[in-house]
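The lines below spell out each chain.
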Amino acid sequence: MNTSSPASTGVYPAPRIRFANPLLIESTRPMPQHIAIIGAGSIGPDIGYYLKSALPGLKLTLIDLAQPALEAALKRFQGYADKAVARGKMKADQAEAVLRDIHVSTDYDALASADWVLEAATENLGLKQKIFADVEARVASDAIITSNTSSLPAARIFAKLRHPERTTVTHFFAPAWRNPAVEVIDWERADPAMVEHLRRFFCETGKLPLVTADAPCFMLDRIFDNWCNESALLLDQANAAQIDTVAGEFVHAGPFFVLNLAHGNPIIVETNTLQADEEGEHYRPATIFGSVERWLTVAPGKSVPVEADVVANVRDRLLGVLFSQSVDIVDRQIGTPADLDLGCRIALGFRDGPLTLMRGLGEAETARILGRFVSERSGMPQQQRELAGYQQFERHVLVDDIGVGEIGDAGTGAKVKLITLRRPEALNALHDEMTDEILAVIRRHENDDDVAGFVITGYGPRAFCAGADIGRFPSMLGDAPAATQYSRDCSRLLVHLDAMKKPVVAALNGMALGGGFELAMRCHSLVAVRAATMQLPEVTLGIVPGIGAMVVPYRRWPAAAATFHAMLRAGERLTATRAHELGIVDALADDYRSLIAAAAERVRALAGRIKRIPDGAVEVPEFADRVEQAASGLKLSPTTVGIIEKAVREAAAAPTFGEALEIGYAAFGASACTAAAREGIAAFGERRTPDFGRTG
Ligand code: COA
């Protein structure tokens, strides 16, 4: 391994966070009542719209020196709300509430009563410092002050303020009203409780907070800026359209296309000059940025011809800069590997996180690419450890330790491991790699005397888990053995749960759909927030829930058989309160922290008392009526309903639980070969209602 030192400025301190899951943080401040945003350019109003849609009761003040910009912002709010109503994402009265209590002003006095002032105005340090001095002179001493800078370290922006402890950088990504990623910078003079408050606030309002160190350009813009700068430096080998074509293997939109969209050339000049001044000449922006305004390139999904040797060189350089920045970010603790991969996908539109890309290419190929890059681009960061060392992290789950009494649970005994499913882009939907990751965490700790057991929950306020990842289904359609095997693979975790000695409790923080509910029903106890719901929507997709839902409920909660008949055949929704009455859910909670506290208590109470799902044939009630329509009114496929009924009957008659499960896997395999499945999965992908009338 080449350990020649990169021209880095050293390792940053580890972030001061107690819980990886932000919703475990105890609130230390009330929710904001009045937020003021400075800057009515492109991103300020978008941040405002996100805040108002998440908290319609909020007072929002938008400040800008230019009245026309403020008027344009108001029009933009109206346009977004109109679109949301037209698409059925918002009701008219909700849209009205979102648009209420929004104020615009050219006068800083209008922000005096704000409990949070967010600046999204300028990247000029001197101007920023002046703005913040003006803000601090007007707001209360504990009002939060943040900047949306994409590059300037917090220490430089806020150092001169009287109360720097309530300041930090909160860096959003375009379009900020919809893109969930937000970098929250943990800088040395920020009060850690305020940083934690912001993480919790963002997570609670549907964002994905990513904590980063106070490095120039933080985490994700180090990737983005250098990716763009390297692309510009490559213009001696290929044109912009060719480079975007090659980049299309890794990103949804190529660097030049994005630069056009974001008018990004001056931004790269600014941010890369900053990095060059701080960390070395190899970051200096390409001179061509000074002379070009728009790039001639292709739209995402389109390509131009590129010679094979040019592809190879451009690809190596693009991957080189990506990997070089990624190892540097991990080595210097600018961000965690999981946040880096997730952030690149969610904020920047990479198809795969860079570390996952490295894993896919293998160590030898990654080492070749990095070695070549560093030799061509002297000074650029090189890996500081064996490449395998960058792969040891969970990609799709967060793991937290909950000590006795720590979040209000009244139990006694060892700590509980909390596993949080985190795939915010798909409402925490499961795939085989994710279930294997959960299983690996369980295996790592299940023989540890310091661990009482496990709780599984979902990231964010909306979903425990929206089921199996439907995006992976199309490749299985028409292939019964492959689909059957996929069910079996996804069940490795569930089969392990069946035999575990330590308790695992499902904490339903929101909707538990399809495979998500199937995971929950194999946990040894379920607890839920009152607003949680459970549903088996597969029948509305023309498929069947193959990893236990046609088997487990009839063995575990036989008294609720009629409810499960309706859930399976008509996709009926089950509320947490009803599930509690039926004995499916053991405890209800009012909020996220009490949910996890209740789940941890259940873990401790279940020690040595786990009930196994019984073997032997079981009785199930007849399917008396014919079901033609889903609870939503959708006309269903009789073929799919027939596969469900047959599997339920046969699984109930199976002599062992294991054989019953196999019937479920095979039924999923059979459903994947129907015309209904093709129609249902295609309709989901195309965001339309399926037409099972044609499929039978
Ligand atoms: N697999 C893959 N992606 C999923 C998913 C799943 N099971 N459930 C949700 N998602 C994705 C959506 O495609 C969407 O992605 P996009 O933003 O890239 O388009 C994102 O998660 C957010 O979901 P969206 O549909 O925009 O939210 P919504 O509030 O309008 O609807 C649901 C929420 C849960 C009703 C809807 O997402 C849904 O019906 N999901 C499928 C649930 C299901 O059938 N599960 C069983 C699978 S076998």
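The rules behind these values
Residues numbered from 1 in each chain as written. Predicted model: local features only at pLDDT ≥ 70, side-chain atom pairs only at ≥ 80, totals over all residues. Heavy atoms only, no water. Helix = DSSP H or I, 4+ residues; strand = E, 2+ residues; numbered from the N terminus. Buried < 20%, exposed > 50% of the residue type's maximum accessible area, 1.4 Å probe, protein only. Contact = heavy atoms within 4.5 Å. Areas by Shrake-Rupley, 256 points an atom, 1.4 Å probe, with all protein chains shown as cover. Lys, Arg positive; Asp, Glu negative; His and termini not counted. Charge placed at Lys NZ, Arg CZ, Asp CG, Glu CD. Core = buried A, V, L, I, M, F, W, Y, C linked by side-chain atoms within 4.5 Å. Near = heavy atom within 4 Å. Polar contact = N/O pair within 3.5 Å; in protein donor to acceptor, adjacent residues only side chain to side chain. Pairing = 2+ DSSP bridges. Axes fitted to C-alpha atoms, helices over the stretch in contact; angles between N-to-C directions. Expected span 1.5 Å × (residues − 1). pLDDT = per-residue confidence, 0-100. Parallel < 35°, antiparallel > 145°, perpendicular 65-115°, else oblique. Nonpolar A, V, L, I, M, F, W, Y, C, P; charged D, E, K, R; others polar. Salt bridge = Lys/Arg side-chain N within 4 Å of Asp/Glu carboxyl O.

**Student:** Describe the overall build of the chain, with residues and values.
**Tutor:** Counting secondary structure elements, the chain contains 25 helices and 18 strands. Each principal axis of the C-alpha atoms in the chain carries an extent, and together these give about 75 × 60 × 55 Å. Burial analysis of the chain (696 residues in total) assigns 57% to the buried set. Once local pairs closer than 6 in sequence are excluded, the contacts in the chain between residues at least 24 apart make up 77%. Surface exposure of the chain reaches about 27,200 Å², of which carbon and sulfur atoms provide 52%. Positive and negative side-chain charges in the chain, numbering 72 and 86 respectively, have mean positions lying 3 Å apart.

**Student:** Give a description of the nonpolar core that names residues and reports values.
**Tutor:** In this structure, Leu-508, Phe-517 and Met-534 are the most contacted members of the largest nonpolar core, which totals 170 residues. Considering each element in turn, this core owes the most residues, 10 residues, to helix α11 (residues 308-331). Excluding residues within four positions of it along the chain, Met-534 makes contact with Leu-508, Ala-512, Phe-517, Met-567, Glu-572, Arg-573, Leu-574, Thr-575, Ala-576, Ala-579 and Val-585. Counting residues in hydrophobic clusters, the runner-up holds 60 residues, among them Ile-47, Ile-63, Ala-95 and Phe-202.

**Student:** Can you lay out the environment of Leu-661 for me, pointing to particular residues and giving the numbers?
**Tutor:** When you line up the elements, Leu-661 lands in helix α24 (residues 657-671). With 419 residues separating them in the primary sequence, Leu-661 and Gln-242 have C-alpha atoms 51 Å apart.

**Student:** Break down the site of the ligand for me, citing the residues and quoting the values.
**Tutor:** Neighbouring the ligand are 18 residues, the closest being Arg-462, Ala-466, Ala-468, Ile-470 and Arg-687. One of the backbone N or O atoms of Glu-425 is found 3.4 Å from an oxygen atom in the ligand. A distance of 2.9 Å is found between a nitrogen atom of the ligand and a backbone nitrogen or oxygen belonging to Ile-470. In isolation the ligand has 850 Å² of accessible area, and contact with the protein removes 66% of it.

**Student:** Residues and numbers for the sheet that holds strand β6 (residues 167-172), please.
**Tutor:** If you trace the 8 strands from one edge of the open sheet to the other, you get β3-β2-β1-β4-β5-β6-β7-β8, paired in mixed fashion. Of all strands in the sheet, those bounded by a partner on one side alone are β3 (102-105) and β8 (208-212). Mean inter-strand twist for the sheet, computed between neighbouring axes without regard to direction, equals 25°. Here strand β1 (residues 34-38) runs beside strand β2 (residues 59-63); their pairing, made up of 5 bridges, is parallel. Bridge pairing links Ile-37 to Leu-62 in β2. In the packing of helix α6 (residues 192-204) onto the sheet, contacts are made with β4 (116-119), β5 (144-147), β6, β7 (181-185) and β8, and the angle to β6 comes to roughly 25°.

**Student:** Residues and numbers for helix α12 (residues 337-348), please.
**Tutor:** Across its 12 residues, α12 extends 16 Å between first and last C-alpha, which sits within 8% of the 16 Å expected from 1.5 Å per residue. Looking at the buried positions of α12, the neighbouring elements they touch are β7, β8, α7 (220-233), α11 and α13 (354-361).

**Student:** A description of the confidence of the model for the chain should follow, citing residues and the corresponding values.
**Tutor:** For the chain, per-residue confidence averages 95 on the pLDDT scale, and residues scoring 70 or more make up 98% of the total. Confidence drops under pLDDT 50 across residues 1-8; counting only partners more than four residues distant or on other chains, this segment forms 18 contacts.

**Student:** Could you give an account of the packing of helix α8 (residues 240-247) against helix α9 (residues 255-262), with specific residues and numbers?
**Tutor:** Two elements in contact, α8 and α9, have axes separated by 7 Å at closest approach and are oriented at 110°. As judged from the angle between their axes, α8 and α9 are roughly perpendicular. In this structure, α8 uses Ala-240, Ile-243, Asp-244 and Ala-247 to contact α9, whose residues at the interface are Pro-255, Phe-256 and Phe-257. Split into classes, the residues belonging to the contact of α8 with α9 amount to 6 nonpolar, no polar and 1 charged.

**Student:** Any details on unusual backbone geometry? Residues and values, ideally.
**Tutor:** Cis geometry is found at the peptide bond from Ala-174 to Pro-175, where omega equals -15°. For Pro-175, the position within the fold is in the loop between β6 and β7. Of note, the phi angle at Cys-217 is positive, near 70°, even though the residue is not glycine. Checked against the element boundaries, Cys-217 lands in the loop between β8 and α7. Its relative accessible area of 0% is what places Cys-217 among the buried residues.

**Student:** Talk me through the sheet that holds strand β12 (residues 463-465); I want residue IDs and the actual numbers.
**Tutor:** Spatially, β12-β14-β16-β17 is the arrangement adopted by the 4 strands of the open sheet, whose pairing is mixed. A single partner strand is all that each edge strand has here, and the edge strands are β12 and β17 (573-575). For this sheet the average axis-to-axis angle between neighbouring strands, irrespective of direction, equals 20°. Strand direction decides the pairing type here: strand β16 (residues 533-535) and β17, joined by 3 bridges, are antiparallel. From the neighbouring strand, Thr-533 faces β17, where its bridge partner is Thr-575. Running at roughly 95° to strand β14 (residues 511-513), helix α18 (residues 515-522) makes contact with β12, β14 and β16 of the sheet.

**Student:** Describe the packing of helix α20 (residues 561-570) against helix α23 (residues 638-653), listing the residues and the values that go with them.
**Tutor:** Where α20 meets α23, the closest approach of the two axes is 9 Å, and the angle between their N-to-C directions is 145°. Across from His-565, Leu-568 and Arg-569 in α20, the residues of α23 making contact are Val-641, Ile-644, Glu-645 and Val-648. Here the residues of the contact of α20 with α23 are counted per class, giving 4 nonpolar, 1 polar and 2 charged.

**Student:** If you had to explain the pattern of salt bridges to someone new, which residues and values would you point to?
**Tutor:** Scanning the entire structure with this criterion turns up 50 salt bridges. A salt bridge links Lys-130 to Asp-134; the nearest nitrogen and oxygen atoms lie 3.1 Å apart. Placement of the pair is Lys-130 and Asp-134 together in helix α4 (residues 125-136), with a separation of 4 residues, close to one helical turn. A residue is classified by how much of its surface remains accessible, and Asp-134, at 26% relative accessible area, is partly exposed. A salt bridge links Asp-625 to Arg-569, with the shortest nitrogen-to-oxygen separation between them at 3.0 Å. Within this pair, whereas Asp-625 is found in the loop between α22 (592-605) and α23, its partner Arg-569 is found in helix α20, the two being separated by 56 residues in sequence. Asp-625 sits in the partly exposed class, given a relative accessible area of 46%. A single network of salt bridges, built from pairs that share partners, joins Glu-230, Asp-316, Arg-317, Glu-365, Arg-368, Arg-372, Glu-376 and Arg-377.

**Student:** Could you give an account of the pairing of strand β15 (residues 525-529), with specific residues and numbers?
**Tutor:** Within β15, 5 of the 5 residues are buried, which leaves the element mostly enclosed by the surrounding structure. Sheet topology places strand β13 (residues 504-508) next to β15; 4 bridges connect them, and they run parallel. If you follow Val-505 over to β15, its bridge partner there is Ser-525. Pairing between β15 and strand β18 (residues 587-589): 3 bridges, direction parallel. Residue pairing for β18: Val-527 is matched across the bridge by Ala-587.

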